[in-house]
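# Summary of structural features
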Protein chains: 2
Amino acid sequence: MERQHQLLSKIATNDRHGENSPYFDGWKAYDKNPFHPTDNPDGVIQMGLAENQLSVGSIIDWIEKHPEASICNPEGVHMFKDIANFQDYHGLPEFRQAIAKFMGRVRGGRVTFDPDRIVMGGGATGANELIMFCLADPGDAFLVPSPYYPAFYRDLGWRTGVQIVPVDCDSSNNFQITKGALEAAYDKARQDGINVKGLTITNPSNPLGTTLDRETLKSLLSFINEKHIHIVCDEIYAATIFGSENFVSISEVVEEVMDCNRDLIHIVYSLSKDMGLPGFRVGIVYSYNDAVVNCGRKMSSFGLVSSQTQYLLASMLSDEEFVDDFLAGSSKRLKKRHGIFTKGLEQIGISCLESKAGLFVWMNLRHLLKEQTNDGEMELWRVIVNDVKLNVSPGSSFHCVEPGWFRVCFANMDDETLDVALKRIHAFVGEQKERETLPTKTKDMPSKTKCWKKNLRLSFSSRIFEEGIGSPIAMSPHSPLVRART
Amino acid sequence: MERQHQLLSKIATNDRHGENSPYFDGWKAYDKNPFHPTDNPDGVIQMGLAENQLSVGSIIDWIEKHPEASICNPEGVHMFKDIANFQDYHGLPEFRQAIAKFMGRVRGGRVTFDPDRIVMGGGATGANELIMFCLADPGDAFLVPSPYYPAFYRDLGWRTGVQIVPVDCDSSNNFQITKGALEAAYDKARQDGINVKGLTITNPSNPLGTTLDRETLKSLLSFINEKHIHIVCDEIYAATIFGSENFVSISEVVEEVMDCNRDLIHIVYSLSKDMGLPGFRVGIVYSYNDAVVNCGRKMSSFGLVSSQTQYLLASMLSDEEFVDDFLAGSSKRLKKRHGIFTKGLEQIGISCLESKAGLFVWMNLRHLLKEQTNDGEMELWRVIVNDVKLNVSPGSSFHCVEPGWFRVCFANMDDETLDVALKRIHAFVGEQKERETLPTKTKDMPSKTKCWKKNLRLSFSSRIFEEGIGSPIAMSPHSPLVRART
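First things first, this report covers the structure right here in the doc. (Residues numbered from 1 in each chain as written. Chains lettered and ligands numbered in written order. Predicted model: local features only at pLDDT ≥ 70, side-chain atom pairs only at ≥ 80, totals over all residues. Heavy atoms only, no water.)

## Side note on the overall build of chain A
Check the secondary structure of chain A and you find 17 helices and 13 strands. Sorting the 486 residues of chain A into buried and exposed places 64% on the buried side. Considering only contacts in chain A between residues 6 or more positions apart, those separated by 24 or more positions represent 76%. Surface accessibility of chain A: about 17,100 Å² in total, with carbon and sulfur atoms responsible for 49%. (Helix = DSSP H or I, 4+ residues; strand = E, 2+ residues; numbered from the N terminus. Buried < 20%, exposed > 50% of the residue type's maximum accessible area, 1.4 Å probe, protein only. Contact = heavy atoms within 4.5 Å. Areas by Shrake-Rupley, 256 points an atom, 1.4 Å probe, with all protein chains shown as cover.)

This is the structure in structure tokens:
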């Protein structure tokens, strides 16, 4: 073992890829026993994967109407040679233009993006790593408000050697980032001899589903300018907005605040969430810093987007009518789905953090914890994964400082599967309540713990067999453990 | 400037990306003034880009016959949803199977590859970096026989911090790698306190076009086993073989040599050269080491191949008849092209290193150097780029220890452009000879230096205007400076 360790690198033999966590364990549980309405109705339902499958129909419609966008059929094959040979780090000019325009459109057309500042990365995963390589040396740190995306350990830190310094947020103010918490985290890091190079925010937030308002963004800009550190705004959920208010991007605030140092400001974007195309590996770094654009472009050689995919997307995103319809439709579908799910939870007394974005809710199960600790959270989580058979993700995976919160994804499945998931939660909570009214002695009887499941199965299985459900297996067919970005 | 340096990382502000070299300067010269037979007949001809454009017609034929391989037209769109959502680090099972089979077929079917050991990287660029991240820590070194691919500085070392220790080879034995040279480089590195973690070879060699024989491969395996260091075999030109003998891959030798430690052996592969599809960014690490496969797969999250492209290639490469025809046809076309070019050079007394692989020749212009030094080489190179207007690459870019060698690519252009290039070389060498017979005094007259060009233009321009040449501009339409892999 020691010899093997010497043989490989420290990166290969440390665990900073972060896959040894309940977040990924939940995926394993799903992977071993995936739900299928007819073939495996008792299987685990995947609610740990932030995937947007609600709008893929619109994209398919567009593709059927535009065969010329393919370089692999008679209508498009005349482009094959040029495209297959193209490997410019800058990307196809029409791809950069289309992405820049789309980014503006996603932000309500209130801001424009310069195609010459579009730098490609291999998905948001690659883009986040790329910007870290540009901005920080091994051992340097980035502040990241908690709760935050579990795979940030891998993306920001695994190969770059950059540390994450959490900025603790909690439910007392709905997990909002305060200047006090930022200053405290910054000062503590400095006292520990850590060189803080920047702040990474996710807006809209994964896992919270909340967005930052203009004033908060301004205060963040003021904070980073004061400290002369960077801000990286991961805005990969910018178009998954279903509230009535506009989403405010850092790019809008940059144009309003005249005295900020633009060299400190960088945006990460992707099409995996907003368009629901994670397989296409489109990651973007948009930097206001010329040196970062130049350097990042050289680095993008390690994770360029396939030119075949660039060409398809350039054609699709240049179609303004399609983009407008897609964004409006996507927002509508997300709103409806979010409404159905949160109302279903409300009926049994489960509340979620109020949100208006994302593909998930931040569900509060504190009242179901046996003890208000991480251990209590993990115990409840294991019951939910193993017995209720829902893969949801515990807050501790997101470095949440407060136990009892769970991220639950609602957009990677069809209506029927969501219905099954809700019924399981209802049955489980009903069972919990029933147990609470029983004498203490019988509470832990194993036979009792399982009975909700039996009832549940009887209650909905007949319905599933009766209805024609359009290939629901296609909703989550892949090994989720190894998904590149969630 | 100092502030900017502190603001960004050491990686962003060092020059280890290696783009400040004559190799890339030549590309700039082409980029500013690209040759076109009618629009710009005096422009620079791109002979610095190792791109295989000779067989793209076969691929286009296949695509026209197999519209179902596209997920972007009526025949294939039913797969769109599954494919666009797929982002498993392992890759589509059918993609891994097809690549593994293709790798075996390219190596004459004498060896089989296990699909479960196929790890994806973002092109060979990303694959080479990925394997370095797995094997070596910052400051560690890899031995690399010279001359070697100029962008290895970027690929192997820029972000990983890994050093390259050249193993000097020269023309005295046709640039063959000897155990003596390896030992000397290894010992010298150790004396300098450098931790040598492995050896990277390119077989077939870029820039030499030569291949390693079985005995040499065995001696390399014996060397790395003795030192307990890794060997990474970059075999991205494995199918660009046009000699009569078989190419021998390290994978064959691994199966023959029983007492070698397989944990030390890794192969890098790509479809950019052998299939001529650099835009598709298919890089592969094939490792015999389980820990590297597991770790590399996690790292491939930073540079996955677009699932759209995986699907297309899985379909194409699974067609055995197509693959057989493609490989045979490609080899034939390369042989013919290589023959025309080297014979053209022979006619004016220019010899090349004997080779049987690759998309380039290693051209010996030592007799044209004013002095046998790097400066002499650079002086001649500047004349070739600026006056003869051919972008060829000087040996010094490849860390060649012997001045006067140039890499010249011959497969990225059509027959007519190659003909123009040969005529220019003929005229240039004729001019050089003429100058040698003149009294010393007049040798450096500027008017004289240019006269070959005038004659040359008259001699072939009429022919070009007469003949119908199928869109030759499509041969090299892109900014070559930023090409991802050469």
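The rest of the description comes next.
## Let's talk about the relation of the copies chain B and chain A
For the match of chain B to chain A, the screw axis carries a shift of 0.0 Å, the RMSD comes to 0.0 Å, and the turn is 180°. Viewed as a symmetry operation, the transformation between the two copies matches a two-fold axis. Considering only C-alpha atoms, the part of chain B nearest the rotation axis is Gly303 of chain B, at 2.3 Å. The residues that chain B uses at the interface reappear at the interface of chain A in 100% of cases, marking a shared surface. (Least-squares fit on C-alpha atoms with pLDDT ≥ 70 in both.)

## Focus: the interface of chain B and chain A
Many analyses report the size of an interface as the accessible area lost when the parts associate. Contacts between the two partners involve 85 residues from chain B, matched on the other side by 85 residues from chain A. Summed over both partners, the interface of chain B with chain A buries about 7,800 Å², with 61% contributed by carbon and sulfur atoms. Of all residues in chain B, Leu7, Gln87 and Phe302 of chain B give up the largest surface area on contact with chain A, accounting jointly for 11% of the area buried on that side. Here chain B is connected to chain A by four salt bridges. (Buried area = accessible area lost by both parts, 1.4 Å probe. Salt bridge = Lys/Arg side-chain N within 4 Å of Asp/Glu carboxyl O.)

## Topic: the packing of aromatic side chains
Using the criterion set out here, one finds 41 aromatic pairs over all chains in the structure. Plain terms: the ring middles of Phe133 of chain A and Phe133 of chain B are 6.2 Å apart, the flat faces sit at 35° to each other, and that makes the pair tilted. Of this pair, Phe133 of chain A sits in helix α7 (residues 123-135) while Phe133 of chain B sits in helix α7 (residues 123-135), each in a different chain. Every member of this aromatic cluster is reached through a ring pair, and the members are Tyr23, Phe24, Trp27, Phe175, Trp362, Phe398 and Trp405 of chain A. (Phe/Tyr/Trp six-rings, centres within 6.5 Å; stacked < 30°, edge-to-face > 60°.)

## Thoughts on the pattern of salt bridges
One pass over the full model with this rule turns up 45 salt bridges over all chains. Residue Arg337 of chain A is joined to Asp415 of chain A by a salt bridge in which the shortest nitrogen-to-oxygen separation is 2.7 Å. Here the residue Arg337 of chain A occupies a position in helix α14 (residues 320-346), and Asp415 of chain A occupies one in helix α16 (residues 415-437), the gap between them amounting to 78 residues. For Arg337 of chain A, a relative accessible area of 5% gives the class buried. For Lys179 of chain B, the salt bridge is made with Glu226 of chain B, and the minimal N-O distance between the two is 3.7 Å. On the criterion of sequence distance, the pair formed by Lys179 of chain B in helix α9 (residues 179-191) and Glu226 of chain B in helix α10 (residues 214-227) is long-range, its members being 47 residues apart. The class for Lys179 of chain B is partly exposed, based on a relative accessible area of 30%. Three or more residues are tied together by salt bridges with common partners; here these are Arg110, Arg214, Lys218, Glu252 and Glu256 of chain A.

## A word on helix α13 (residues 307-317) of chain A
Most of α13 of chain A is tucked away: ten of the eleven residues are buried. Every buried residue of α13 of chain A is accounted for by Ser307, Gln308, Thr309, Gln310, Tyr311, Leu312, Leu313, Ala314, Met316 and Leu317 of chain A.

## Re the side chain of Thr342 of chain B
Residue and element names in this part refer to chain B. Examined against the element boundaries, Thr342 turns out to sit in helix α14 (residues 320-346). Separated by 3.4 Å, the side chain of Thr342 and the backbone oxygen of Gly339 make a polar contact. With sequence-adjacent residues up to four places away left out, Thr342 is seen in contact with Cys352 and Val361. (Polar contact = N/O pair within 3.5 Å; in protein donor to acceptor, adjacent residues only side chain to side chain.)

## Some thoughts on the environment of Ala100 of chain B
Residue and element names in this part refer to chain B. Examined against the element boundaries, Ala100 turns out to sit in helix α6 (residues 93-106). Judged by relative accessible area, which is 3%, Ala100 ranks as buried. Linking Ala100 and Tyr286, residues 186 residues apart in sequence, is a C-alpha distance of 9.2 Å. For Ala100, the residues in contact, after removing those within four places along its chain, are Phe113, Asp114, Pro115 and Ile118.

## A word on the sheet that holds strand β4 (residues 163-167) of chain B
Residue and element names in this part refer to chain B. If you walk across this open sheet you meet the seven strands as β2-β8-β7-β6-β5-β3-β4, and the pairing is mixed. Two strands bound the open sheet, and with one partner strand each, they are β2 (118-122) and β4. Neighbouring strand axes in the sheet, compared pairwise and without regard to direction, differ in orientation by 25° on average. Bridge count between strand β7 (residues 265-270) and strand β8 (residues 282-287): five bridges; the pairing is antiparallel. Looking across to β8, one finds that Val268 is bridged to Val285. (Pairing = 2+ DSSP bridges. Axes fitted to C-alpha atoms, helices over the stretch in contact; angles between N-to-C directions.)

## Let's talk about the pairing of strand β13 (residues 405-409) of chain B
Each regular strand displays side chains that alternate between the two surfaces of the sheet. The element β13 of chain B is largely enclosed, with a buried count of five among its five residues. Taking every second residue as pointing to the same face, both faces of β13 of chain B are buried, with Trp405, Arg407 and Cys409 of chain B on one and Phe406 and Val408 of chain B on the other.

## Thoughts on the packing of α9 of chain B against α10 of chain B
All names here are of chain B. Two elements in contact, α9 and α10, have axes separated by 11 Å at closest approach and are oriented at 25°. In terms of orientation, α9 lies roughly parallel with respect to α10. Of the two elements, α9 crosses α10, and the hand of that crossing is right-handed. Here α9 contributes Lys179, Leu182, Glu183 and Tyr186 to the contact with α10, which in turn contributes Ser219, Leu220, Ser222, Phe223, Glu226 and Lys227. Of the residues assigned to the contact of α9 with α10, the class counts are four nonpolar, two polar and four charged. (Parallel < 35°, antiparallel > 145°, perpendicular 65-115°, else oblique. Left-handed = near helix turned anticlockwise from the far one by under 90°. Nonpolar A, V, L, I, M, F, W, Y, C, P; charged D, E, K, R; others polar.)

## Points about unusual backbone geometry
All names here are of chain B. Across the junction of Asn203 and Pro204, the peptide omega takes the value -5°, indicating a cis bond. Checked against the element boundaries, Pro204 lands in the loop between β5 (196-202) and α10. The linkage connecting Asn206 with the following residue, Pro207, adopts the cis geometry, with an omega of 25°. Locating Pro207 in the fold gives a position in the loop between β5 and α10. In this model, Phe175 sits at a positive phi of 60°, which is unusual for a non-glycine residue. Mapped onto the fold, Phe175 is located in the loop between β4 and α9.

## Section: the side chain of Lys356 of chain B
All names here are of chain B. Structurally, Lys356 is set in the loop between β9 (351-352) and β10 (360-364). A distance of 3.4 Å separates the side chain of Lys356 from the side chain of Thr211, its partner in a polar contact. At 3.5 Å, the side chain of Lys356 forms a polar contact with the side chain of Glu245. Not counting residues within four places of it along the chain, the set of residues in contact with Lys356 comprises Gly209, Thr211, Thr240, Ile241, Phe242, Gly243, Glu245 and Asn246.

## Focus: helix α12 (residues 290-299) of chain A
Residues and elements named next belong to chain A. By the criterion of burial, α12 is predominantly enclosed, with seven of the ten residues buried. Every buried residue of α12 is listed here: Val292, Val293, Cys295, Gly296, Arg297, Lys298 and Met299. The N-terminus of α12 is capped by Asn289, whose side-chain oxygen sits 2.9 Å from the backbone nitrogen of Ala291.

## Re the sheet that holds β13 of chain B
In spatial order, the strands read β9-β10-β13-β12 (chain B); together these four strands make up an open sheet with antiparallel pairing. What marks the edges here is a single partner per strand, and that holds for β9 and β12 (393-394) of chain B.

## Structural notes on the nonpolar core
Residues Phe80 of chain A together with Phe80 of chain B are the most contacted members of the largest nonpolar core, which totals 341 residues. When near neighbours in sequence (up to four residues on either side) are disregarded, Phe80 of chain A contacts Ile71 of chain A together with Val56, Ile59, Ile60, Ile63, Leu277 and Phe280 of chain B. (Core = buried A, V, L, I, M, F, W, Y, C linked by side-chain atoms within 4.5 Å.)

## Some remarks on the environment of Arg333 of chain A
All names here are of chain A. Among the secondary structure elements, Arg333 is positioned in helix α14. Sequence separation between Arg333 and Val196 is 137 residues, and the spatial gap between their C-alpha atoms is 40 Å. Once residues lying within four places of it in the same chain are set aside, the contact partners of Arg333 are Leu54, Ser55, Ser58 and Phe326. A polar side-chain atom of Arg333 sits 3.1 Å from the main-chain carbonyl oxygen of Leu54.

## Concerning a negative patch on the surface
Residues Glu68 and Glu75 of chain A together with Glu68 and Glu75 of chain B make up a contiguous surface patch of negative charge. When you line up the elements, Glu68 of chain A lands in the loop between α4 (56-65) and α5 (80-85). Classification of Glu68 of chain A by relative accessible area gives partly exposed; the value is 40%. (Patch = residues over 30% accessible without salt bridge, like charges linked within 9 Å, V, L, I, M, F, W, Y side chains within 5 Å. Lys, Arg positive; Asp, Glu negative; His and termini not counted. Charge placed at Lys NZ, Arg CZ, Asp CG, Glu CD.)

## Focus on the environment of Ser270 of chain A
Residues and elements named next belong to chain A. On the secondary structure map, Ser270 appears in strand β7 (residues 265-270). Overall, Ser270 belongs to the buried group, its relative accessible area being 0%. With 148 residues separating them in the primary sequence, Ser270 and Gly122 have C-alpha atoms 9.4 Å apart. The residues touching Ser270, leaving out its near neighbours within four places in the chain, are Ala124, Ile236, Val282 and Gly283. Polar contacts involving the side chain of Ser270 include one to the main-chain amide nitrogen of Ser272, which spans 2.8 Å.

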